[in-house]
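# Commentary on secondary and tertiary structure
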Amino acid sequence: RCGMVYMEPGALGKQCLIDSWILGLPSTFKTEHQTKLRDWVQHYMAAVPFVRKSLREIVSTQDNALLLSFFRLANCFFEDYVVGDARRP
């Protein structure tokens, strides 16, 4: 058996995505770096409703998808901080 719970992306919220991303950062990031990144992400995600109200999207998106795309972009810059065998060739 496989039990699954399906939720709408909006019902999931952003905080759990942010926390998950912070936990997946390279081990070289200190707690102070993680706190600063968490605050930075929350600060800029607070601007999303303003951007949605002021601009028109060609392709509609959801906040969670924007956040995950941002995380993928940010992770590209953090690859230099990955140590050991976890580093990609």
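Conventions we followed
Numbering of residues starts from 1 in every chain and runs along the sequence as written. In view of the model being predicted, local features appear only for residues whose pLDDT reaches at least 70, and side-chain atom pairs are presented and counted only at 80 or more, with totals across whole chains, interfaces and linings using the full set of residues. To obtain the side-chain values, all non-hydrogen atoms of the structure were used and water was disregarded. Partly exposed residues are those whose accessible area sits between 20% and 50% of the maximum for their type, while under 20% is buried and over 50% is exposed, using a 1.4 Å probe and protein chains only. A run of DSSP states H or I qualifies as a helix once it reaches four residues; a run of E qualifies as a strand once it reaches two. Both are numbered from the N-terminal end. Directions pointing from the helix axis toward each C-beta atom define the arc. Salt bridge criterion: a side-chain nitrogen from Lys or Arg within 4 Å of a carboxyl oxygen from Asp or Glu. Working convention: axes come from line fits to C-alpha atoms, limited for helices to the stretch in contact. Angles between N-to-C directions cover 0 to 180 degrees. In this scheme, roughly parallel covers angles under 35 degrees and roughly antiparallel covers those over 145, while 65 to 115 is roughly perpendicular and the rest are oblique. Crossings are assigned a handedness: left-handed for a near helix turned anticlockwise from the far helix by less than a right angle, right-handed for a clockwise turn. Whether two residues touch is decided by their heavy atoms; if any such pair falls within 4.5 Å, the residues are in contact. Amino acid classes used here: Ala, Val, Leu, Ile, Met, Phe, Trp, Tyr, Cys and Pro are nonpolar; Asp, Glu, Lys and Arg are charged; the rest, including Gly, are polar. The residues that make up patches have over 30% relative accessible area and no salt bridge, and they are joined within 9 Å when like-charged or within 5 Å when they are Val, Leu, Ile, Met, Phe, Trp or Tyr. All accessible areas in this document rest on Shrake-Rupley with a 1.4 Å probe, and a residue is counted as covered only by the protein chains that are shown.

### Digging into helix α2 (residues 15-23)
- Of the residues making up α2, those classed as buried are Leu-17, Ile-18, Trp-21 and Ile-22. Each buried residue of α2 sits inside an arc of 135 degrees when the element is viewed along its axis, so together they form one side.

### Quick word on the pattern of salt bridges
- Using the criterion set out here, one finds three salt bridges in the structure.
- A salt bridge links Arg-38 to Asp-19, with the shortest nitrogen-to-oxygen separation between them at 3.3 Å. On the criterion of sequence distance, the pair formed by Arg-38 in helix α3 (residues 31-45) and Asp-19 in helix α2 is long-range, its members being 19 residues apart.
- Among the residues examined, Arg-38 registers a relative accessible area of 24% and is labelled partly exposed.
- Using a relative accessible area of 29% as the deciding quantity, one classes Asp-19 as partly exposed.
- Between Arg-52 and Glu-57 there is a salt bridge, and its shortest N-O distance comes to 3.0 Å.
- We classify Arg-52 as partly exposed; its relative accessible area is 28%.
- Glu-57 sits in the partly exposed class, given a relative accessible area of 37%.
- Residues joined in a network through salt bridges with shared partners are Arg-52, Glu-57 and Asp-63.

### Regarding the packing of α3 against helix α5 (residues 63-78)
- Running from amino to carboxyl end, α3 crosses α5 at an angle of 140 degrees, the nearest separation of the two axes being 12 Å. The angle between the axes of α3 and α5 places the two elements in the oblique class. As for the relative orientation of α3 and α5, their crossing is right-handed in sense. Residues Leu-37, Trp-40, Val-41 and Met-45 of α3 form the contact with α5, whose own contacting residues are Asp-63, Leu-67, Phe-70, Phe-71 and Phe-78.
- The residue inventory of the contact of α3 with α5, partitioned by class, reads eight nonpolar, no polar and one charged.

### Some details on the environment of Gly-10
- Position of Gly-10 among the secondary structure elements: in helix α1 (residues 9-12).
- Exposure remark for Gly-10: the relative accessible area of 69% places this residue in the exposed category.
- Separated by 26 residues in sequence, Gly-10 and Lys-36 have C-alpha atoms that sit 25 Å apart.

### A closer look at a nonpolar patch on the surface
- On the surface, a cluster of nonpolar side chains totalling about 320 Å² of accessible area is made up of Val-5, Met-7 and Leu-12.
- The topology assignment puts Met-7 in the segment before α1.

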